[in-house]
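Observations on the three-dimensional arrangement
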Amino acid sequence: MERHGSESYYVVGEGPPQGSFGGAGVPDGDIRRNLAFRNLTRARMLRLATGQKMAAFLGGRGVPLTELTPAQIEDGQGRAALGALTPVQRSTL
């Protein structure tokens, strides 16, 4: 990484430092290799609104929203594979 004034940047071909998301220092099976985890972490760092906050914001402005049922969340309509969850994890979800 090189510095120019107060800014830091990577030289093309260097890539991120070891141990960054997906970097060489992250072992297989580590949560940091999970794309959903990385997206949620990035959203938090950028202070993006959560789904719940967006629903409250839109609902407060008259946008009609339909709340998902627990069954819809659990089934995921073919998108999320939740079959590997334990009964405790499923009820927590």
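Residues numbered from 1 in each chain as written. Predicted model: local features only at pLDDT ≥ 70, side-chain atom pairs only at ≥ 80, totals over all residues. Heavy atoms only, no water.

1. Focus on the overall build of the protein
The cut-off we apply is this: The numbering of helices and of strands both runs from the N terminus, where a helix is a DSSP run of H or I of at least 4 residues and a strand a run of E of at least 2. Buried, partly exposed and exposed residues are distinguished by accessible area as a fraction of the type maximum, computed with a 1.4 Å probe on protein chains only: under 20%, between the cut-offs, and over 50%, respectively. When checking whether two residues touch, look at their non-hydrogen atoms; a contact exists if any pair is within 4.5 Å.
What the protein contains, in helices and strands, is four helices and two strands. Each helix (α) and strand (β) of the protein, taken in turn from the N terminus, gives the series β-β-α-α-α-α. Taken over 93 residues, the protein has a buried fraction of 5%. Once local pairs closer than 6 in sequence are excluded, the contacts in the protein between residues at least 24 apart make up 0%.

2. As for unusual backbone geometry
Located in the positive-phi region is Arg47, a residue other than glycine, with phi close to 60°. Under the relative-accessibility criterion, Arg47 is labelled exposed at 79%.

3. Considerations on the environment of Ser91
Along the chain, Ser91 falls in helix α4 (residues 87-92). Look at Ser91 and you get exposed, because its relative accessible area is 60%. Taking C-alpha positions, Ser91 is 9.2 Å from Glu74, a pair spaced 17 residues apart along the chain.

4. Structural notes on a nonpolar patch on the surface
Rules: For patches, a residue must show more than 30% relative accessible area and have no salt bridge; joins then use 9 Å for like charges and 5 Å for nonpolar side chains, namely Val, Leu, Ile, Met, Phe, Trp and Tyr. Using a 1.4 Å probe, the Shrake-Rupley method yields the accessible areas, and only the shown protein chains count as cover for residues. By convention in these notes, a salt bridge is any Lys or Arg side-chain nitrogen within 4 Å of a carboxyl oxygen on Asp or Glu.
Together, Met54, Phe57, Leu58, Val63 and Leu65 make up a nonpolar patch on the protein surface, roughly 400 Å² of accessible area in all. Tracing the backbone through its elements, the reader meets Leu58 in helix α2 (residues 51-59).

5. Digging into the confidence of the model for the protein
Detailed reading of the predicted model is not advised wherever pLDDT is low. For clarity, the cut-off: pLDDT is a residue-level measure of predictor confidence that goes from 0 to 100.
Mean pLDDT over the protein stands at 75; residues scoring 70 or higher make up 65%. Considering each helix and strand of the protein separately, the mean pLDDT is smallest for strand β1 (residues 2-4), with a value of 54, and largest for α2, with 92.

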